[in-house]
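# Inside the fold
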Amino acid sequence: MDWRLKQWSLIFLAFIVGVCLIAFPTLAQQSQVRQAYGHTHVDPKVIELVQNLQQGGYALFFRHERTALDRLRDQRPYDLNNCTGQRMLSPAGIEASKEIGQAFKRLNIPVAEVLSSPLCRTKDTAKFAFDQVSVTKQLMGEDRDIQRSRIEVGNDLKQLVNQRIVAGKNLVLVGHFGSSLALDRVLSEGEALVLKPASQGQVQIMGQITSAQWGDVVRDIARLKKASTSAHSSVEF
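Residues numbered from 1 in each chain as written. Predicted model: local features only at pLDDT ≥ 70, side-chain atom pairs only at ≥ 80, totals over all residues. Heavy atoms only, no water.

### Observations concerning the overall build of the protein chain
Helix and strand counts for the protein chain stand at seven helices and six strands. Helices (α) and strands (β) of the protein chain occur, in sequence order from the N terminus, as α-α-β-α-β-α-β-α-β-α-β-β-α. When the 237 residues of the protein chain are sorted by exposure, 42% land in the buried category. Residue pairs at least 24 apart in sequence account for 67% of intrachain contacts in the protein chain once pairs closer than 6 positions are excluded. (Helix = DSSP H or I, 4+ residues; strand = E, 2+ residues; numbered from the N terminus. Buried < 20%, exposed > 50% of the residue type's maximum accessible area, 1.4 Å probe, protein only. Contact = heavy atoms within 4.5 Å.)

### Brief notes about the state of the cysteines
Evaluated as defined, the whole model comprises one disulfide. Each disulfide pairs two cysteine sulfurs, and for C83 the partner residue is C120, the sulfurs being separated by 2.0 Å. Here C83 and C120 share a disulfide; its torsion about the S-S bond, -80 degrees, makes the bridge left-handed. Residue C83 is located in the loop between β1 (59–63) and α3 (91–107), and its partner C120 is located in helix α4 (residues 120–130); the two are separated by 37 residues in the primary sequence. Since its relative accessible area comes to 1%, C120 is described here as buried. (Disulfide = S-S within 2.5 Å.)

### Some points on the pattern of salt bridges
All chains considered together, the criterion is met by eleven salt bridges. Ionic pairing is found between R87 and E189, a salt bridge with its closest N-O pair at 3.0 Å. Of this pair, R87 sits in the loop between β1 and α3 while E189 sits in the loop between α6 (177–181) and β5 (192–197), and the two are 102 residues apart along the sequence. The exposure class assigned to R87 is buried, which follows from its relative accessible area of 16%. Among the charged side chains, a network of salt bridges with common partners joins R148, E152 and D156. (Salt bridge = Lys/Arg side-chain N within 4 Å of Asp/Glu carboxyl O.)

### Notes on the environment of M206
Positionally, M206 belongs in strand β6 (residues 203–209). By relative accessible area, which is 31% here, M206 ends up partly exposed. In this structure, M206 is in contact with L49, Y58, V194, L195 and K196, ignoring residues within four places of it in sequence.

### As for the sheet that holds β6
Taken in spatial order, the six strands of this open sheet run β3-β2-β4-β1-β5-β6, and their pairing is mixed. Only two strands of the sheet have a single partner each, and these edge strands are β3 (134–135) and β6. With six bridges joining them, β5 and β6 adopt antiparallel strand pairing. In the strand pairing of β6, V194 is matched with G207. Along the sheet, helix α5 (residues 150–164) contacts β1, β2 (111–116), β4 (170–175), β5 and β6; its crossing angle with β4, the most-contacted strand, is approximately 160 degrees. (Pairing = 2+ DSSP bridges. Axes fitted to C-alpha atoms, helices over the stretch in contact; angles between N-to-C directions.)

### Some points on unusual backbone geometry
Going from R76 to P77, the amide bond is cis rather than trans, its omega being -5 degrees. Within the fold, P77 resides in the loop between β1 and α3. In the Ramachandran plot, N108 falls in the positive-phi region, its phi being about 55 degrees despite a non-glycine side chain. Checked against the element boundaries, N108 lands in the loop between α3 and β2. Residue N108 is classed as exposed on the basis of its relative accessible area, which comes to 60%. Even without glycine at this site, D184 takes up a positive phi of about 60 degrees. Summarising the element assignment, D184 is placed in the loop between α6 and β5.

### What to know about the side chain of D143
You can see D143 is positioned in the loop between β3 and α5. Residue classification places D143 among the buried residues on the basis of a relative accessible area of 10%. Only 3.2 Å separates the side chain of D143 from the side chain of R76, close enough to count as a polar contact. (Polar contact = N/O pair within 3.5 Å; in protein donor to acceptor, adjacent residues only side chain to side chain.)

So, in structure tokens, the structure goes:
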């Protein structure tokens, strides 16, 4: 019995040593990654949000990018075929839209479809960022002039999120301030809500990303990837 007990003790000890050898590089990797997180430009929650987007299965609702100050309101009634009577993107808004598109490419965020409201500033945001756009009035915001209520705006947005997402890819929606208000969120121009379908036709808000954060997220994720690679290669047994 003593001999068998010693034998099992040795087997157990070998098992523990093996587990430690496997766990050691993992702990070292985690330490380096945590150190990199401590030097990121954006909140780690935003980084994790974007990493989830890389897997697909979400909707991103963007408020259109920054607009010029030469016109503060759209001409009424709306003429959807005449951009000159509408608020338009500023030069900074155009460049920011392009940078968002570049960030999506650098981050390998898969996009299946890009939808926008019929107004020119939303269509232009989508075109400059993603080189594609399909128009839907479901992304028009709350507006008394066209008898569109906040409830209707919210229901249309929820319907798009629940019906148009393709597995493994993301849906991009470009709309207006009123659509975010329908979800009780306030968005600055160019800011995005990350949404996910929920039960009974509702949506779950996963987080927000400002226009200015995309460039920092690209740099931070590249830094984290380098830290992780370095952790794998630097640990010796």
